[in-house]
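Structural description and commentary
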Amino acid sequence: MARRSNCFLGLAAGAALAGPAFLAPGSAPAPGGAQAPQLRATAAGAAPSAATSAASDSATTAFGAATFCAAAAGLAVSRRRAEGARRKAGDDADAYGASHTSFYTDAVAKDKYETLDEVLSQKLKDPKLKGMVTELLDACVKITEALRVNLVTVNDSSNTFGDRQLTVDVIADDLLWDLAKSSKLVCEASSEEEPEIVKTNPDGQFVLCWDPLDGSSIVDNNWAVGTIVGVWDKSTGLIGATGRDQVMSLVTLYGPRTTVFMTLDDGVYEFTLGEGNKWICSRDKIQIKTECKIFAPANMRAAQEVEGYNKLINHYMENKYTLRYTGGLVPDVCQQFTKLQGVFTNPTSK
């Protein structure tokens, strides 16, 4: 940021030098405080007047200022290119500042993006699971719309943990319950807001468990929040099952855009909600690197009580990891899929 600011200041200085206030004519002011001579056209073959001389000097000064401005702009571009090259080469490992510690996207725009249906037809063989994914994403569209028009206020009710619920919590939870109770594919469901198994359709194939809106403590800030859903087959059910027993899972992130990360037959895919509330595939077969330089430490106050956590955070700081933590599990985990690297930690306090 400092380098970019310096370049900007250079451009501003060049523009100021090229401005009328700094384009002083070469001749001295007229006696009696009169204004400097104005530029006048001269007849062909006439001897140069004081006004003509002043005009020539002013034009020279303006040309010099313009040249300086252009040079400053060129220098700014050169610095940005050099900075980008250093980032790619990894030569700035010991540097500081936003431009050195940030990890910018390297995603390149495509001419065409596959639709949700196109990807599911190729990457999800189970027809029932395809239907379940479509229904879940339809619910996420409704939650997106609800978040855009509803204020964040305290609701009269509390969940089973005694937490005061927010209106948006209740709305998101109700939308998912509407799905679970009306779907022919869901046999049982449970919510973090109401952690009890509810039987819905005995002929259904899947068991759902969700956190309707993770990030209740930051949603009033208009920060990114999300929905987490796990899907199990009824053959294992939910009680006693593990995460590895899931047939698929998804995490939806509601930010400036709505994106969802989900597991398909051959890996994790990202879909983005586009125009007309249509989903397009924005990333496919995401692979997280084994090495990283980003960390998101939740519950940092636990470092005062848990010695191992204190050592871990010190390790990240001493090795100049980049801190990227918003206070929401969903955005802090999803950044690992977009940046293809990162560590999220959340130990409990004693």
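Preceding this section is the structure that the text describes.
Now for a description of the structure that goes with this document.

What counts, and at which threshold
- Residues numbered from 1 in each chain as written.
- Predicted model: local features only at pLDDT ≥ 70, side-chain atom pairs only at ≥ 80, totals over all residues.
- Heavy atoms only, no water.
- Helix = DSSP H or I, 4+ residues; strand = E, 2+ residues; numbered from the N terminus.
- Buried < 20%, exposed > 50% of the residue type's maximum accessible area, 1.4 Å probe, protein only.
- Contact = heavy atoms within 4.5 Å.
- Areas by Shrake-Rupley, 256 points an atom, 1.4 Å probe, with all protein chains shown as cover.
- Pairing = 2+ DSSP bridges.
- Axes fitted to C-alpha atoms, helices over the stretch in contact; angles between N-to-C directions.
- Core = buried A, V, L, I, M, F, W, Y, C linked by side-chain atoms within 4.5 Å.

**Things to note about the overall build of the chain**
Within the chain, the regular secondary structure consists of eight helices and 13 strands. Out of the 350 residues belonging to the chain, those deemed buried represent 34%. When contacts within the chain are restricted to residue pairs at least 6 apart in sequence, long-range pairs at least 24 apart make up 54% of them. Of the roughly 20,400 Å² of accessible surface on the chain, a fraction of 55% belongs to carbon and sulfur atoms.

**Focus: the sheet that holds strand E11 (residues 294–297)**
With parallel pairing, three strands are arranged side by side in an open sheet as E12-E11-E13. A strand with exactly one partner marks an edge of an open sheet, and here the two such strands are strand E12 (322–323) and strand E13 (343–345). With three bridges joining them, E11 and E13 adopt parallel strand pairing. Directly across from phenylalanine 295, in E13, lies its bridge partner valine 343. Here helix H7 (residues 307–318) sits on the sheet in contact with E11 and E13, set at roughly 150 degrees to E11. Running at roughly 155 degrees to E13, helix H8 (residues 329–338) makes contact with E11 and E13 of the sheet.

**Quick look at the nonpolar core**
When a protein is soluble and globular, its nonpolar side chains tend to lie buried together. Among the nonpolar cores identified, the biggest contains 44 residues, and Met132, Val231, Met262, Phe271 and Trp279 are the most heavily contacted of them. It is helix H5 (residues 127–149) that provides the largest number of residues to this core, a total of nine residues. Not counting residues within four places of it along the chain, the set of residues in contact with methionine 132 comprises Leu179, Ser183, Leu185, Val186, Phe206, Leu208 and Val231.

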